[in-house]
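# Breakdown of the fold
Residues per chain are reported as follows:
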Amino acid sequence: MPRRAHPAPAGQDPVPGTAHEAVHGTRVARGMVDSGAGIVRQQQQLSPNGETRVMTDGSTRHPDDSFHVFDTTLRDGAQREGINLTVADKLTIARHLDDFGVGFIEGGWPGANPRDTEFFARAAAELELRHAQLVAFGATRRAGGTAEADPQLAALVDSGAPVITLVAKAHDRHVELALRTTLEENLEMVRDSVSYLRSRGRRVFIDCEHFFDGYRANREYALRVVQAAHEAGADVVVLCDTNGGMLPAGVHETVADVLAATGARLGIHAQDDTGCAVANTLAAVDAGATHVQCTANGYGERVGNANLFPVVGALEIKYDRRVLPAGKLTEMTRISHAVAEVVNLTPSTHQPYVGVSAFAHKAGLHASAIKVDPDLYQHIDPERVGNTMRMLVSDMAGRASVELKGRELGYDLSADRDLVGRVVAKVKEQENLGYTYEAADASFELLLRDEVHGSRARFFTLESWRCISEQQAGGVAAGNEATVKLWAEGERMVATGEGNGPVDALDRALRAALERIYPQLAKLELVDYKVRILEGQHGTGSRTRVLIESADGTTTWSTVGVADNVIAASWRALEDAYTYILIKAGLVPRD
Ligand SMILES: CC(=O)SCCNC(=O)CCNC(=O)[C@H](O)C(C)(C)COP(=O)(O)OP(=O)(O)OC[C@H]1O[C@@H](n2cnc3c(N)ncnc32)[C@H](O)[C@@H]1OP(=O)(O)O
Ligand SMILES: CC(=O)C(=O)O
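Residues numbered from 1 in each chain as written. Chains lettered and ligands numbered in written order. Predicted model: local features only at pLDDT ≥ 70, side-chain atom pairs only at ≥ 80, totals over all residues. Heavy atoms only, no water.

Identification of the protein chain as Citramalate synthase from Kitasatospora nipponensis is taken from an unreviewed UniProt entry. In its Catalytic activity (unreviewed entry) section, UniProt records this for the protein chain: "pyruvate + acetyl-CoA + H2O = (3R)-citramalate + CoA + H(+)". Comment text from UniProt for the protein chain, heading Sequence similarities (unreviewed entry), reads "Belongs to the alpha-IPM synthase/homocitrate synthase family." (UniProt positions renumbered as here; feature names shortened; annotations may be inferred.)

In structure tokens, the structure reads:
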């Protein structure tokens, strides 16, 4: 890997606990350094070839400091509408990010609110980071003051974080309108703030806010801000597309120019307002930036930031650049979903690399090529990022889709072309009635099994069901009751259930009838229920489709039912859900 092109400024030693020793050729660095406001852990070794840094706790650091993956989920990601993290959430996310192997975790703005201040205090006491360094974020000192006397900078030092990111104005108009100060004073604020933090033993990165817009408005001034930060000792000058309006070509051209004009080490921070944050980040890397700021799942202010996962995926796989510790790339899908869980947002199914649909194939022609070689329709092997290929079966499926889906489910259908053809035809016929099998894997598996065995799998046979929903005047629900009459193991069962809705009542009645014979049903839980009214087709009236997601404590599965009314459709989806759990429990149905 290339070494860092920009050694620390003359007269200033690299900050203890950072990876400068790689730049300066030192092979071993150990010890605990009191940096003035807290102990900075400094236990690291370079292997003889300089490629792997082995920490004394056995973990590995990045090969060197020449490229930074900097995560700002806990600072800029938390600026997304709808995200509201507790300190405990932030600590959990920091552990996930460290486990993934990012180099820097920006934890928040100490002093801006009690939560972020507490986060840094607890991080110092509780976080055992194996790969990352913790970063505190803040702004340059106030206009007209001194860094020494600035309470906000004091809070950054007090946070104990070994690395500080300072946001600085780089757009002349912002200096005049937002800071209400002179262009010269803004440069002085940058120099003074960086020098002060450096004198306190901190490594400093500068986020040049609105850099690209500022560069367009006043190139010379924007470059002077970069130069001021660089000369004062900022390790990386991060060019920020704060309003997110840039496109990749413009980013590339600007970064290349700034690099040539200043010689500063450059980073990129891209907001996603044009949908180009990842592309802009990579364009900056192509132009020479060696520090990328990203957030997990692209969370961030307004529409978000450059998404960490596709950026890292591109760097590791497409650029063949080792930015994660060995073996960590396969953790990507798990980490993405784990962070989504903590922030309480459903993971985007269509996210590149890590979404559940990222390697899901629906079109029959795709499946037929994938059958020969998955590379024909996949840009990478999904296992490289911990994801899996999935076949979707729908009315767009062909023989190959069914054969591959069958293989996924444990059926070898390759020798029976007729059977596969019958399954394809059945799927298309059923989907024409409103069924959807891509969203109901378990119903598809039952359909496939029925074709393989030549008859419907049955653990019970319905005689009738009846639901009664009662409402009192004024719209107050009085109750829901369902009765099922069915046959199982030669016995006739009649059972009644009450529930908070007719489908709940039907489910309870079914359990009451069957649980004695099939105790495995005690584990069955209905976890999600979706109804969709389908427009009438071919002159028929509208139909109702119900999708039920069930779980047994270890796995989940989905079933589908379609009928003219919602309860009949629900019954069909329930019947599949019950049948599926019993088959999975190893019971043999009467076919
Ligand atoms: C592009 C980004 O996303 S940068 C990150 C932005 N993040 C946040 O704003 C979240 C945390 N922020 C906060 O909690 C608050 O805004 C605080 C604590 C930082 C400041 O709060 P307040 O003191 O009440 O100020 P307020 O938010 O109204 O305005 C910001 C002040 O910072 C000043 N300021 C803005 N940018 C900078 C800068 N780069 N350097 C120095 N001062 C700055 C403004 O001039 C303004 O000063 P004024 O109060 O003298 O007019
Ligand atoms: C610093 C930052 O978050 C921005 O400029 O967008």
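Further remarks concern the side chain of E575. In this structure, E575 sits in helix α18 (residues 566-584). Residue classification places E575 among the buried positions, given a relative accessible area of 15%. In this view, E575 contacts R458 and F460; residues no more than four positions away in its chain are not counted. (Helix = DSSP H or I, 4+ residues; strand = E, 2+ residues; numbered from the N terminus. Buried < 20%, exposed > 50% of the residue type's maximum accessible area, 1.4 Å probe, protein only. Contact = heavy atoms within 4.5 Å.)

Let's shift gears to the packing of helix α2 (residues 87-100) against helix α12 (residues 332-343). The interhelical angle for the contact between α2 and α12, taken along N-to-C directions, is 175 degrees, at an axis separation of 10 Å. As far as their axial angle goes, α12 and α2 are roughly antiparallel. In this structure, α2 uses D89, T92, I93, H96, D99 and F100 to contact α12, whose residues at the interface are M332, R334, I335, A338, V339, V342 and V343. Partitioning the contact of α2 with α12 into residue classes produces 8 nonpolar, 2 polar and 3 charged. (Axes fitted to C-alpha atoms, helices over the stretch in contact; angles between N-to-C directions. Parallel < 35°, antiparallel > 145°, perpendicular 65-115°, else oblique. Nonpolar A, V, L, I, M, F, W, Y, C, P; charged D, E, K, R; others polar.)

With that settled, the discussion passes to the site of ligand 2. In the vicinity of ligand 2, the contacting residues are R75, D76, D207, E209, C240, T242, H269 and Q271. Contact between ligand 2 and R75: an oxygen atom at 3.0 Å from a side-chain N or O atom of the residue. Take H269: an N or O atom from its side chain is 3.1 Å from an oxygen atom of ligand 2. Taken by itself ligand 2 offers 210 Å² of open surface, and the protein chains cover 93% of this. Class assignment for the residues of the shell around ligand 2 results in 1 nonpolar, 3 polar and 4 charged. (Near = heavy atom within 4 Å. Polar contact = N/O pair within 3.5 Å; in protein donor to acceptor, adjacent residues only side chain to side chain. Areas by Shrake-Rupley, 256 points an atom, 1.4 Å probe, with all protein chains shown as cover.)

T140, R142, V167, A178 and R180 are the nearest of the 18 residues found near ligand 1. Backbone polar atom of V167 to a nitrogen atom of ligand 1: 3.1 Å apart, as the coordinates give it. Between ligand 1 and the protein, one listed contact pairs a nitrogen atom with a side-chain N or O atom of K169 at 3.4 Å. Burial of ligand 1 by the protein amounts to 54% of the accessible area it has alone, namely 1000 Å². Tallying contributions element by element places strand β10 (residues 163-169) first for the shell around ligand 1, with 3 residues. Looking at the shell around ligand 1, its residues break down into 9 nonpolar, 3 polar and 6 charged.

This part takes up helix α14 (residues 399-409). Within the span of α14, buried status applies to A400, S401, V402, E403, L404, K405 and G406. Once α14 ends, the next one or two residues include G410, with phi positive near 95 degrees.

Taken as a whole and judged by the stated rule, the model has 38 salt bridges. Taking the shortest distance from any N to any O, the salt bridge between R334 and D99 comes out at 2.7 Å. With R334 in helix α12 and D99 in helix α2, this pair connects stretches of sequence that are 235 residues apart. Since its relative accessible area comes to 40%, R334 is described here as partly exposed. A salt bridge links R322 to D320, with the shortest nitrogen-to-oxygen separation between them at 3.2 Å. Taking relative accessible area as the criterion, R322 reaches 34% and is therefore assigned partly exposed. Residue D320 is classed as exposed on the basis of its relative accessible area of 58%. What emerges from the salt-bridge pattern is a single network uniting D65, R203, D235 and R265. (Salt bridge = Lys/Arg side-chain N within 4 Å of Asp/Glu carboxyl O.)

With parallel pairing, the 8 strands of this closed barrel are ordered in space as β7-β8-β9-β10-β11-β12-β13-β14. When strand polarity is set aside, the average angle formed by the axes of neighbouring strands in this sheet is 25 degrees. In terms of strand pairing, strand β13 (residues 266-270) meets strand β14 (residues 291-294) through 2 bridges, oriented parallel. Bridge pairing in β14 places H269 opposite Q293. Most of the contacts of helix α11 (residues 308-318) go to β14, to which it runs at about 150 degrees, and overall it touches β7 (68-71) and β14. (Pairing = 2+ DSSP bridges.)

A contiguous patch of negative charge on the surface is contributed by D373, D375, D381 and E383. Mapped onto the secondary structure, D373 falls in the loop between α13 (364-372) and β16 (390-391). (Patch = residues over 30% accessible without salt bridge, like charges linked within 9 Å, V, L, I, M, F, W, Y side chains within 5 Å. Lys, Arg positive; Asp, Glu negative; His and termini not counted. Charge placed at Lys NZ, Arg CZ, Asp CG, Glu CD.)

Judged by side-chain polarity, L365, V372, L376 and Y377 come together as a nonpolar surface patch covering roughly 460 Å² of accessible area. Following the sequence through the fold, V372 ends up in helix α13.

Okay, the UniProt feature "domain: Pyruvate carboxyltransferase" (unreviewed entry) in the protein chain next. In the numbering used here, UniProt assigns the feature "domain: Pyruvate carboxyltransferase" (unreviewed entry) to residues 67-330. Helix makes up 44% of residues 67-330 and strand 17%, whereas the separation of the span's terminal C-alpha atoms amounts to 20 Å.

Now for unusual backbone geometry. A negative phi holds for most residues other than glycine; trans holds for most peptide bonds. Not every positive phi belongs to a glycine, and N297 is a case in point at roughly 60 degrees. Take N297: it is sitting in the loop between β14 and α11. With a phi close to 70 degrees, Y353 is a non-glycine residue in the positive phi region. Inspection of the secondary structure puts Y353 in the loop between α12 and β15 (360-361).

This part covers the environment of D450. Mapping D450 onto the fold places it in helix α16 (residues 441-453). Taking the C-alpha atoms as reference points, D450 and N500, 50 residues apart in sequence, are found 34 Å from one another. Once you skip the residues sitting within four places of it in the chain, D450 turns out to touch S455, R456 and A457. A polar contact of 2.9 Å, which involves the side chain of D450, links it to the side chain of R456.

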